[in-house]
Amino acid sequence: MFVPLNHLRKILKIDETSITGLRWKKIKNDKLGWNKRYAGKKAGSLKRSGKGVPSYKITITFNGVSKIYIAHRIIYYIYHGRLNPNKVIDHKNNNPLDNRIKNLRECTHSENCLNRRISRNNKVGAKNISKLKNGMYNVVFYKNGKIIFRKKFSNKKTAKSVAAKKRKKYHGFFANNKKCSIEISKK
């Protein structure tokens, strides 16, 4: 993050009633009149990544240079006063539009991947399970590119149950056993 924390705290405030989680603060000495129009209003807007994942983004201008930032990173930075450039900000409930402080946590990219929701292409309806050609269900967990657990089950329900337990064991706080639906509201 190239914008100093004190500058962000001067122009933005965390506000969970704002759909983005941020509002523009009223600034003294607004020479261009921009702040008069936007003070107190939500900061940022909804954008989608190249993969279609929605998030709130905000344009910040500092020292004459404008740059787009992801709102949840700014919220985390303002609230905690630090932001590790080697880590990402994860949404605990897996909803990228829920920027409440209690829903944000700093983690590694690998941990963030563990918290992903079930892929649209998943035909079984659960993570870590694949259906084999012989009708069996294969439960597999990897760590550092190596298989740490593999077992086959004839029953889909049993395979799902075992996979959920193993996710808790191997993924800890990042075990995501739920499907997630993202609702975009107009707060």
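Preceding block: the structure.
Below is a summary of the structure that appears in this document.

Here is what the cut-offs are and how they apply
- Residues numbered from 1 in each chain as written.
- Predicted model: local features only at pLDDT ≥ 70, side-chain atom pairs only at ≥ 80, totals over all residues.
- Heavy atoms only, no water.
- 1 Å grid on protein atoms, 1.4 Å probe; cavity = no way out; pocket = protein on both sides within 12 Å on 5 of 7 lines; lining within 4 Å.
- Points joined across faces, edges and corners; volume = space filled by probe spheres on them.
- Helix = DSSP H or I, 4+ residues; strand = E, 2+ residues; numbered from the N terminus.
- Nonpolar A, V, L, I, M, F, W, Y, C, P; charged D, E, K, R; others polar.
- Buried < 20%, exposed > 50% of the residue type's maximum accessible area, 1.4 Å probe, protein only.
- Contact = heavy atoms within 4.5 Å.
- Pairing = 2+ DSSP bridges.
- Axes fitted to C-alpha atoms, helices over the stretch in contact; angles between N-to-C directions.
- Salt bridge = Lys/Arg side-chain N within 4 Å of Asp/Glu carboxyl O.
- Core = buried A, V, L, I, M, F, W, Y, C linked by side-chain atoms within 4.5 Å.

Thoughts on the layout of surface pockets
In step 1: Approximately 1,000 Å³ is the volume attributed to the largest pocket.
In step 2: Contributing to the lining of the largest pocket are 28 residues, with Val53, Pro96, Asn112, Arg116 and Arg117 lying nearest its centre.
In step 3: Among the elements that line the lining of the largest pocket, the one with the most residues is strand E6 (residues 88-91), at four residues.
In step 4: Grouping the constituent residues of the lining of the largest pocket by class yields 10 nonpolar, 10 polar and eight charged.

Points about the environment of Pro4
In step 1: For Pro4, the position within the fold is in the segment before helix H1 (5-11).
In step 2: For Pro4, a relative accessible area of 27% corresponds to the partly exposed category.
In step 3: Taking the C-alpha atoms as reference, Pro4 lies 10.0 Å from Tyr77; in sequence the two are 73 residues apart.
In step 4: Residue contacts for Pro4: discarding those within four places in its chain leaves Phe62 and Tyr77.

Notes on the sheet that holds strand E4 (residues 54-62)
In step 1: Reading across the sheet, the three strands line up as E3-E4-E5 and stay open at both edges, with antiparallel pairing between neighbours. Pairing within the sheet leaves two strands with one partner each, and these edge strands are strand E3 (45-48) and strand E5 (65-70). Along the sheet, successive strands turn relative to each other by an average axial angle of 45°, direction set aside.
In step 2: Alignment of E4 against E5, held across six bridges, turns out to be antiparallel. Within E5, the position partnered with Thr59 by the bridge is Ile68.

Some points on the pattern of salt bridges
In step 1: Summed over the entire model, instances satisfying the criterion amount to four salt bridges.
In step 2: We note a salt bridge from Glu106 to Arg82, for which the minimum N-O separation is 3.0 Å. Of this pair, Glu106 sits in strand E7 (residues 104-107) while Arg82 sits in the loop between helix H3 (71-80) and E6; the two residues are 24 residues apart in sequence, bridging distant segments of the chain.
In step 3: Residues Arg100 and Asp98 are paired through a salt bridge, measuring 2.6 Å at the closest nitrogen-oxygen approach.

What to know about the nonpolar core
In step 1: Counting residues in hydrophobic clusters, the biggest one holds 24 residues, and the most contacted among them are Leu8, Leu12, Leu22, Trp24, Ile58, Ile60 and Ile74.
In step 2: Looking at this core, the elements that each hand over two or more residues are H1, strand E2 (22-24), E4 and H3.
In step 3: Ranked by residue count, the leading element in this core is H3, at six residues.
In step 4: Leu22 has contacts with Leu12, Lys13, Ile14, Asp15, Lys41, Lys42, Ala43, Ile58, Ala71, Ile74, Ile75 and Ile78, leaving out every residue within four places of it along the chain.
In step 5: Membership of the second largest hydrophobic core comes to 11 residues, among which are Ile129, Tyr137, Ala159 and Ala163.

Observations regarding the environment of Cys107
In step 1: Counting through the fold element by element, Cys107 comes out in strand E7.
In step 2: Taking C-alpha positions, Cys107 is 20 Å from Ser49, a pair spaced 58 residues apart along the chain.
In step 3: With residues up to four places along the chain from it excluded, the contact list for Cys107 reads Lys87, Val88, Asp90, Asn112 and Phe174.

Here we look at the sheet that holds strand E8 (residues 129-131)
In step 1: If you walk across this open sheet you meet the three strands as E8-E9-E10, and the pairing is antiparallel. The outermost strands of the open sheet, each flanked by one partner alone, are E8 and strand E10 (146-153). Averaged over all pairs of adjacent strands, the angle between their axes in this sheet comes to 25°, without regard to strand direction.
In step 2: One ladder, built from three bridges, connects E8 with strand E9 (residues 137-143); its direction is antiparallel. In the sheet register, Ile129 faces E9, and the bridge partner there is Val139.
In step 3: Packing against the sheet, helix H5 (residues 156-171) makes contact with E8, E9 and E10, and its axis sits at approximately 10° to E9.

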